[in-house]
Amino acid sequence: MTATAPRLGTALVRLLLVTAALLGALLAGAAPASAHAALTGSDPQDGAVVATAPKDVTLTFSEQVAMSADSIRVLDPSSKRIDTGEIRDLCSGSVVKYGVGLRSGLPEGTYTVAWHAVSADSHPIAGAFTFSIGAPSTTTVALPDQTAGGGPVGVLYGIARYLSYAGFTLLVGGGAFVLACWPRGAAVRPVQRLVVRGWLTLTAATLAMLLLRSPYTGSGELADVFDLAGLKAVLETKTGAALISRLMLLGAAALFVAVLFGAYTKRTDEKEKKDLTFGLAIGGSVVAAGIAGTWALAEHASTGLQPAVAMPVDILHLLAVAAWLGGLTTLLVALYRAPRIERAAVERFSRLAFGSVLVLTATGIYQTWRQVGSWSALTGTAYGQLLLVKIGLVAVLVGIAWISRRWTQRLGDPAPHDTGDATAEADGSDRSEDGSDGSDRETSAATTELGEGNEARAGQGEAEQEAPAPATAKPARDTGADTSTSTGTGTSTSTSTSTGDADGTHGADGDAEAGTAEAAQGAGPRDDADEPPTAVDPERAAQLARQRTAVATATRKRDRDADPERAGLRRSVLTEAAIAVVLLAVTTVLTSTEPGRTEEEAGRTQPTSGAAAVPDRPVDIRLPFDTGGVDGNGTVRLTLDPGRTGANDLHIFVERPNGRLLDVPEIKVAFTLKEKNVGPLPVLPDRIQTGHWSATGVQIPMAGAWQIQVTVRTSDIDQTTIDKNVKIG
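Here is a short report on the structure shown in this document. Small disclaimer: the values here were computed from a predicted structure and weren't measured.

Let's shift gears to the packing of aromatic side chains. In this structure the tally under the stated criterion is 8 aromatic pairs. Centre to centre, the rings of tyrosine 165 and tryptophan 295 are 5.0 Å apart; their planes meet at 15°, and the pair counts as stacked. Residue tyrosine 165 is found in helix α2 (residues 151–180), and its partner tryptophan 295 is found in helix α7 (residues 270–298); the two are separated by 130 residues along the sequence. Take tyrosine 165 and tryptophan 295: they sit in the same class, and that class is buried. Here lysine 273 stacks its cationic end above the ring of tyrosine 264, 5.0 Å away from the centre of that ring.

What follows is the structure, given as structure tokens:
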């Protein structure tokens, strides 16, 4: 059968391919999950040089974290572990501190502290730093390049998170759309499939997150997915409890879906149906709020400022998103796959979506203040920038929703094609697209008709002997109207043709006409009236029934698609759904990103945030200067290798504006760490050759944001001092 209307599998797939590509780029380009907690201090400090070996190493965090037995490891220069392996909880009041003891008799050298933990908002964090006993030394410690929550496991976990949000949106939004906007849609098969697939997606994604949780927060190895010991450890955490609670609530959600698409659709008494609607609304709201609460319990809302207020606000935010975007998806399916949807149902959803946007605005403003806190964090942090992208997408979505509302106001309720129930039409049209199921129910009727035609052949033969054959009828002109053709044997077939039908309806009608003609030819008049009736072919009867269903479906779709207002509404809702896919992806990345307020606070409390300082990364900066005299302007290029605490090699090149080396009488350098009141530490480099100065063994005692000052003298009286802040270590 040739389709006669734009199908969901053509137009929607094209747009979703584009949005899926954007989603892939977004997820692939996003950094691994940062966290709400941050390392704010350590003892010894990063890059410190201590005279005697410490007895232990302690770490201080901005928020509560979960530590495992090997969360803190201390390695000597040869990469051997020298800690006792026993984590000590040193928390007191609002101070979150953990430590590990060290073995006695440690020799001089540079030691590496590698740590990892899980923040209170469920995201893994990790880092490393070094300190030296006596004097810095070389080290052979090689830390993995993969950051916490990264690698293939991190990608899979991120996909599962996205699918869980998408499944929740379809499940809750689809159910809300049916109950609040379109009760008749509970009997429409495509709508049923959408909601059930939402439940299946959320359930499968939750199970995947539960299995991936252990390697995601620990080893990062995909092989540890089925580690029972790791799974047991996950179940004892707050995140594991939230995931298990979600699975239990999904069991109750399955019961809700079964009643909604089962007993609810069979109720004919208005009072009973009203009571059942009320019960489903209350029960569904409780289950939906409970599922949304599993996110609020384990993520950003559960930590930081005002968690008692933030968690209910987060639940309302998630429910509003699901009601809006999930209802939008259900409306899209109804517009493309259901024979018709009343204007009143679309208007009711428009009001529901407007209320959801108001809730989103109110809760979003509160969450923005709570997670960002300042304009600088809004524009200068990854969280703030992603939040701006999300706000922009919501604004675009609201604009397109306004266009959809205009189409809704112009929408008219189409007259039914026949007197049959629209619900049966939806079910029949859906089955006819999937296969022969929609026509199997008509097979018995077609078989009966054929049987009656065979029994009537004897009477027909006698009538033909008594009366002359009629003149050949003039063929009816193809006007696009429905034509009933009788074969004279008791078998009648209804066909519908359309002149110039560009969407394939004529092809379907042609098949039906051919089948009718073939049936008429096979059941023509016979001379022998006493011949017993031939056996009816069930396969032929089923074929005729399928052709009838195809013609009826094509006619209904043609009538539906002839409405330009309805077609315009479908296009605008389709665009909304495509933007909603990207919006959901941005939201998923946003929930796994360190809030801007936390990032700024961590930056103020500690110059170095605990990132790995072991890899050598030379400092290379360029400083323009102008002393005001002859040959008084140019550029100083300074390199500090390896660019970390301890001894470094310093090289300075003085260049003219044209890039050639400039010989100057004197160069002086000074290093100052203002946060620790260290310095200035002067360095007097030696002249190597024209424009090249160098110094070896330049000591940087600790890591931090150092100010490098360079004084350039180009004559006896012309000199200038230039400076730049550089993070070293």
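Let us now look at the packing of helix α5 (residues 238–260) against α7. As a packed pair, α5 and α7 sit with axes 9 Å apart at the nearest point and diverge in direction by 160°. It follows from the interaxial angle that α5 and α7 lie roughly antiparallel. Note that α5 runs across α7; the crossing there is left-handed. Contact residues: Lys238, Thr239, Ala242, Ser245, Arg246, Leu249, Leu250, Ala252, Ala253, Phe256, Val259 and Leu260 in α5; Leu276, Leu280, Gly284, Val287, Gly290, Ile291, Thr294, Trp295, Leu297 and Ala298 in α7. A class-by-class count of the residues in the contact of α5 with α7 yields 15 nonpolar, 5 polar and 2 charged.

Within the open sheet, the 5 strands sit side by side as β12-β13-β14-β18-β17. Their pairing is antiparallel. Of all the strands in the sheet, the pair left with one neighbour each is β12 (619–626) and β17 (686–689). Across the sheet, the mean angle from the axis of one strand to that of its neighbour is 25°, orientation sign disregarded. Relative to strand β14 (residues 646–655), strand β13 (residues 633–641) runs antiparallel, the two being bridged by 7 bridges. For aspartate 641, the partnering residue across the bridge sits in β14 and is aspartate 649.

Let's shift gears to the sheet that holds strand β7 (residues 96–102). Taking strand neighbours across the sheet as the criterion, the 4 strands line up as β1-β3-β7-β6 in an open arrangement whose pairing is antiparallel. Looking at strand neighbours, the two that pair on one side only are β1 (39–43) and β6 (83–89), the edges of this open sheet. Across the sheet, the axes of successive neighbouring strands diverge by a mean angle of 20°, strand direction being ignored. In this structure, β6 lies alongside β7, joined through 4 bridges in antiparallel fashion. Bridge pairing links arginine 88 to glycine 99 in β7.

Calculation criteria
Residues numbered from 1 in each chain as written. Predicted model: local features only at pLDDT ≥ 70, side-chain atom pairs only at ≥ 80, totals over all residues. Heavy atoms only, no water. Phe/Tyr/Trp six-rings, centres within 6.5 Å; stacked < 30°, edge-to-face > 60°. Helix = DSSP H or I, 4+ residues; strand = E, 2+ residues; numbered from the N terminus. Buried < 20%, exposed > 50% of the residue type's maximum accessible area, 1.4 Å probe, protein only. Lys NZ or Arg CZ within 6 Å of the ring centre and 35° of its normal. Axes fitted to C-alpha atoms, helices over the stretch in contact; angles between N-to-C directions. Parallel < 35°, antiparallel > 145°, perpendicular 65-115°, else oblique. Left-handed = near helix turned anticlockwise from the far one by under 90°. Contact = heavy atoms within 4.5 Å. Nonpolar A, V, L, I, M, F, W, Y, C, P; charged D, E, K, R; others polar. Pairing = 2+ DSSP bridges.

Distances and angles like these do not, on their own, reveal function.
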